[in-house]
Amino acid sequence: MPDAVPSARILDFFRDGFEHTAWRLETRREYAADQDTEEYQQFLQGVAPPLEDGGPWFTNARAQTADGRRIERVRLVDEPATDNQRYLLATTPSNLAAGEDIRYLHRSTAAACGFADEGDFWLFDSRVLARFNWTDADRRMELTTDPEQVLRACQVRDAAWHYAVRYEDFTGRVPSPM
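Reading the values: rules and limits
Residues numbered from 1 in each chain as written. Predicted model: local features only at pLDDT ≥ 70, side-chain atom pairs only at ≥ 80, totals over all residues. Heavy atoms only, no water. Salt bridge = Lys/Arg side-chain N within 4 Å of Asp/Glu carboxyl O. Buried < 20%, exposed > 50% of the residue type's maximum accessible area, 1.4 Å probe, protein only. Helix = DSSP H or I, 4+ residues; strand = E, 2+ residues; numbered from the N terminus. Expected span 1.5 Å × (residues − 1). Arc of directions from axis to C-beta. Contact = heavy atoms within 4.5 Å. Pairing = 2+ DSSP bridges. Axes fitted to C-alpha atoms, helices over the stretch in contact; angles between N-to-C directions.

Student: Got a sec to walk through the pattern of salt bridges? Specific residues and values, please.
Tutor: Applying the stated criterion across every chain yields a total of 19 salt bridges. The salt bridge partner of Asp125 is Arg127, with a shortest N-O separation of 3.9 Å. For Asp125, a relative accessible area of 11% translates into the label buried. For Arg127, a relative accessible area of 45% puts it in the partly exposed group. Three or more residues joined by partner-sharing salt bridges are found here, namely Arg24, Glu26, Arg73, Arg75, Glu100 and Asp120.

Student: Now, about helix H7 (residues 147–163): what can you tell me, with residues and values included?
Tutor: Here H7 is 17 residues long and its end C-alpha atoms lie 24 Å apart, about the 24 Å a rise of 1.5 Å per residue gives. Taken as a whole, H7 has its buried residues at Val150, Ala153, Cys154, Val156, Arg157 and Ala160. What you see down the axis of H7 is that its buried residues fit within an arc of 165°, all on one side. Away from the buried face of H7 by more than 90 degrees, exposed residues Pro147, Glu148, Leu151 and His162 are located. The secondary structure elements touched by the buried residues of H7 are strand S2 (21–26), strand S3 (70–77), strand S4 (101–106), strand S5 (121–124), strand S6 (128–133) and strand S7 (140–144).

Student: Describe the sheet that holds S7, listing the residues and the values that go with them.
Tutor: Taking strand neighbours across the sheet as the criterion, the 8 strands line up as S1-S7-S6-S5-S2-S3-S4-S8 in an open arrangement whose pairing is mixed. Of all the strands in the sheet, just strand S1 (4–6) and strand S8 (165–166) have a single pairing partner and so form its edges. Bridge count between S3 and S4: 6 bridges; the pairing is parallel. Residue Leu76 lies in a different strand from S4, and its bridge partner there is Leu105. Where helix H5 (residues 83–97) meets the sheet, its contacts fall on S2, S3 and S4, and the angle it forms with S4 comes to roughly 155°. In the packing of H7 onto the sheet, the strands contacted are S2, S3, S4, S5, S6, S7 and S8, and the crossing angle to S5 comes to about 100°.

In structure tokens form, the structure reads like this:
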């Protein structure tokens, strides 16, 4: 297993890097990758994002989930939600249509459980922990199989999944993302 995957190869890793489960915790209030898009700027002006299904991520997610693999996420949301969190809520139907299972949790609940400050990560097959490093010039996904770090990620995953609610239930409890 490599120690890091360069940004240009991350989608390849998602095709071949796990056998059963890819699980993500999203803790950030803002994501530059979203904010740098025209779609995000239009969202801020009140234009609903279109359902996306043909991009590389969605094509891969459909293939992975059709093959029996699970791609799951828990997204933390502030009260009130930030603009970027509202944007992610508005774009979630595209991920769900591709086979992902995305659930939501208020940051205050995550804080009460002790994992609001864990930072974003992916956990693959409960064996490989991945964190993105976008601060260095060589943007990459850093991987580790360190037992203590992987165990902590598994504990966070289990707690987050327990308390998080499905997208449909969460959006029924919060104001419209638009």
